[in-house]
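Each chain is listed here by its residues.
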Amino acid sequence: MEDKIVKILAIDDNNDNLISLNALIKEAFPEAQFFTAPNGRQGIEIAAREYPDVILLDIIMPDFDGFEVCRLLKADQKLRYIPIVFVTALKGDMESRIRALECGAEAFLAKPIDEIELTAQIRAMVKIKSFNIEKISETARLAKLVEEKIRLLSQTNTATLNLLEDLRNENEARKNSEKALSEKEEEYRSMFANNPQPMWIYDLETLTFLEVNDAALHHYGYTRDEFLSMTIKDIRPKEDIDHLLKDDETTNHTYSSADEWRHLKKTGEIITVEIVSHSLTFNERKARHVMVTDITERKQTAEALQLSEEKYRTIFENIQDVFYQTDLEGFVLEISPSIKHFSEFSRNEIIGLPISTLYFNPDDKDVFLKTIEVKGELHDYELKLKTKSGNMKYVSINARLILDSNGKPHHIDGAIRDITERKRAELQIQASNEQIEIQNKELQGLIEELNRTNADLITAKEKAEESDKLKTAFLHNISHEIRTPMNAIIGFTEFLTEPNLSIEKTKYFTKIIVNSSYQLLSIISDIISIATIEAGQEKINEKECNINATLKSLHEQFLLKVDETNVCLILKHLLPDNDVYIKTDETKLIQILTNLINNAIKFTNRGYINIGYKIQDNQLEFLVEDTGIGIPSEMHKEIFNRFSQVESTTARQYGGSGLGLSISKAYIELLGGKIWVKSELGKGSAFHFTIPFKPVEKKTIIEQPCNSKSKANGNGVKNFLVAEDEDSNFMLIKEFLSGFNANIIHAVNGIAAVNICKSDQPIDLVLMDIKMPLMDGYEAAKQIKEVRPNLPIIAQTAYSTEADKNKALACGCSDFISKPIKKSALLAKIKEQLSKT
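Sequence order as written defines residue numbering, which begins from 1 separately in each chain. Under the rules for a predicted model, residues below a pLDDT of 70 receive no local features and side-chain atom pairs below 80 are neither given nor counted, while totals for whole chains, interfaces and linings still include all residues. The side-chain figures draw on all heavy atoms in the structure; neither hydrogens nor water molecules are used.

Draft legend 1. Structural view of the side chain of Thr-301. Counting from the N terminus, the helices are the DSSP runs of H or I reaching at least four residues and the strands are the DSSP runs of E reaching at least two. Turning to its location among the elements, Thr-301 is positioned in helix H10 (residues 296-318). Buried means the residue's accessible area, taken with a 1.4 Å probe over protein chains only, is under 20% of the maximum for its type, while exposed means over 50%, and partly exposed covers the values in between. For Thr-301, a relative accessible area of 17% gives the class buried. Whether two residues touch is decided by their heavy atoms; if any such pair falls within 4.5 Å, the residues are in contact. The contact partners of Thr-301, leaving out residues within four places of it in the chain, are Ala-120 and Ala-124.

What follows is the structure, given as structure tokens:
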């Protein structure tokens, strides 16, 4: 088969199935010709035109199904010998398999198709077709030769009668007849001896071999003398001889159609053969002419397919997970027998019923169907199901919406896994953690926390003394970077406690403490970010953003930082606002640009810093260019590695953790881009990076209706609800809000916050702490949104990861701010939310 280009025809009304089959076949048979037909009528036309080696036929199709197509193909004298393999998703449907075999199909494949099984099927079917064609061709040739011989014999007899009438030519005619007969006998003997199909003639009385051809000698491994010295009993296994003798006694038919036997080669190998035989007289003895076809490989292939089918059927019937199929309304079409162990319902009890029969909360069905309609598939979707006796179980569902050939939803395939024990364990752990959190104090203060962090870093440094030089240098650097602001915080904090300290010094020392705290917070944020990246926990959260607005905001932010320097911060190459709405993770993009701009400012004493972007090959290419100190060429790759800096000695002129570029590179690669630098020592640096350009149309902002309760206070005074259990944090927020014409209401836990919002008291905005006793901010936000859906809620928490932010937004919060809270950032967010109401 390897020397022949295989032709394969797939008939299926689902184009996705045809594409999948094409990919599998091209992988296994690169040189194969693959033909496809979307229905049975076109499939029969292609089969008649191309005469393929094997046909892969789907059962369920429009107009007429696969069974009808199979019957039409097998009824055609030319096409009936093409092997047909049915392909279907109905693994356990024995009725369909029986119907397929009755229609004449050679094999059956179940979806999803296993590549190895598909390859084996095709190879087997190609051999079956070759055997059928060879057998038909050989039989036809032999029949033609016999017919020719009979015709010649008839002519000879006619000539003999004519010669009897003409006595003058009697002797000459007799010689010609004998010569012609001798030639035909010699021709028949040559045909017998040289036929590629094994043949022999044996004596019906003694069962000894009278003649054998070369193909039989080669196939069975005997010499001619050995073969002619044996009987047919010698090529049969001992246990088959009794059956052989009984069969031989009843062989009275002149012609016997194909029959299956076991034969024994000289090597002892047992093969399975098909035998076609007919009676004749050979050398004046009653004999039988036998033609042999070795079907061992075909038999083994069929057995292997049967075992494979049994294996998948066993998996389907015995696997612990429940596999199911429903229509678009949720009615069960098929379900695995394991449903009995899971729910106490039998398979027959469930089929035909709505799947919501199993739902603990029946209303969950509409939510599930709506979700899968929108997303197309679900992974690890958690639900509560109930057993026949009414017990509740937690399950995890993976499901997929299956489309028909027109791309329209057809049905849903899914798998259910019992996670009750795991879920109960998680709930117990959660309850224990909440109890521990209630019993323990919140925080011991910023200095104590930083001291612990410093101690942990020192411990890590001691444990890493034998690690490579790069990490050792990093630990030295981090220790220095943490201790430097810590020294300022502790030192100047002690100064503030001294009596008679002047107002000017108090302000100056306070500014130093604040700046040092932000410096320390930046270092800790970098460490947390790199740890999250190393652990593979960073995820992409894409949403719509305006690149120009993002860059302008960063430009305004950093203008304050370079205001007292000799550096110009320039924003350039911006596109029109309507062309720059894209879909990306804006938080990570801002972090990348912030790191690069911070570096540029740090290493540039005079000149300019350019910030810009352009669209290049469907990519957004950003540029942060400076006229700073530059980077030596040997460090162009090293600076992006973890913990690497150009400066690595104790006599460092510039600070920093050495993590900024590494974090930026990791974020860029997560977004699907790359980063590089062009720089020469003393001539500045130009950092380039790309992200995929995913444009979106500018959306029209729909004004939300004003909250009627917020309008209740018509004197211009706003009512802010601050949900915060720590008095010190509440006092800080209250001071931040002192510039507002606002009434500040304090709630010490989530329950109190919910009760205030449920009352008639007008509230314009809620500042919601996430971690509180009795009820946390997540749950409180959910309940408040149920009664006041338009009330702005800003989450405030010490949790600062992207996952924490997404969770807060999912619970109904309008915005999110991380502790320690910066006054300007908080006020900006409050103004933004109030402007929307």
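On we go from here.
Draft legend 2. Structural detail: the packing of aromatic side chains. Aromatic rings from Phe, Tyr and Trp, taking only the six-membered ring of Trp, are treated as a pair when their centres fall within 6.5 Å; an angle between ring planes under 30 degrees marks them as stacked, one over 60 as edge-to-face, and anything in between as tilted. Tallied over the full model, the rule gives 13 aromatic pairs. Ring centres 5.5 Å apart and planes at 45° place the aromatic pair Phe-67 and Phe-86 in the tilted group. Placement of Phe-67 in helix H3 (residues 66-75) and of Phe-86 in strand S4 (residues 84-88) is noted, with a sequence separation of 19 residues between them. The two residues Phe-67 and Phe-86 agree in class, both being buried.

Draft legend 3. Expanded view of the pairing of S4. In terms of residue burial, S4 counts as a mostly covered element, since five of its five residues are buried. Burial along S4 is two-sided: the face carrying Ile-84, Phe-86 and Thr-88 and the face carrying Val-85 and Val-87 are both buried. By the bridge criterion, four bridges tie strand S3 (residues 54-58) to S4 in an arrangement that is parallel. Note that in S4 the partner of Ile-55 across the bridge is Ile-84. Handedness of the β-α-β unit built from S3, H3 and S4 comes out right-handed. Bridge count between S4 and strand S5 (residues 107-110): four bridges; the pairing is parallel. Directly across from Val-87, in S5, lies its bridge partner Leu-109. Note: two strands are recorded as paired if DSSP finds a minimum of 2 bridges between them. A crossover gets the label right-handed when its path from the first strand over the helix to the second runs clockwise, viewed with the strands pointing away from the viewer.

Draft legend 4. Highlighting the environment of Ser-346. Position of Ser-346 relative to the elements: it lies in the loop between helix H11 (339-343) and helix H12 (347-350). Through-space distance from the C-alpha of Ser-346 to that of Ser-336 is 9.5 Å; in sequence the pair is ten residues apart. In contact with Ser-346, not counting residues within four places along its chain, are Ile-339 and Lys-340.

Draft legend 5. Main features of the sheet that holds strand S2 (residues 33-37). Taken in spatial order, the five strands of this open sheet run S2-S1-S3-S4-S5, and their pairing is parallel. Edge positions in the sheet fall to S2 and S5, since each has one partner strand and no second. Here the strands of the sheet are splayed against their neighbours by 20° on average, with no regard to which way each runs. With five bridges joining them, strand S1 (residues 7-11) and S2 adopt parallel strand pairing. Bridge pairing in S2 places Ile-8 opposite Phe-34. Helix axes are fitted only over the stretch in contact, all axes being lines through C-alpha atoms; the angle between N-to-C directions runs from 0 to 180 degrees.

Draft legend 6. Structural detail: the sheet that holds strand S21 (residues 675-679). A sheet is described by the order of its strands in space; here five strands give the open sequence S17-S19-S20-S22-S21, paired in mixed fashion. On the outer flanks of this sheet lie strand S17 (566-572) and S21, each paired with one strand and no other. Pairs of neighbouring strands in the sheet enclose a mean axial angle of 15°, with direction left out of account. Alignment of strand S20 (residues 619-626) against strand S22 (residues 685-692), held across eight bridges, turns out to be antiparallel. Looking at the pairing, Leu-623 lines up with His-688 of S22.

Draft legend 7. Expanded view of unusual backbone geometry. Its identity is not glycine, yet Glu-344 carries a phi of approximately 75°, on the positive side. Inspection of the secondary structure puts Glu-344 in the loop between H11 and H12. The phi dihedral of Asp-617 falls on the positive side, at around 50°, and the residue is not glycine. Along the chain, the position of Asp-617 falls in the loop between strand S19 (606-616) and S20. Among the residues examined, Asp-617 registers a relative accessible area of 67% and is labelled exposed.

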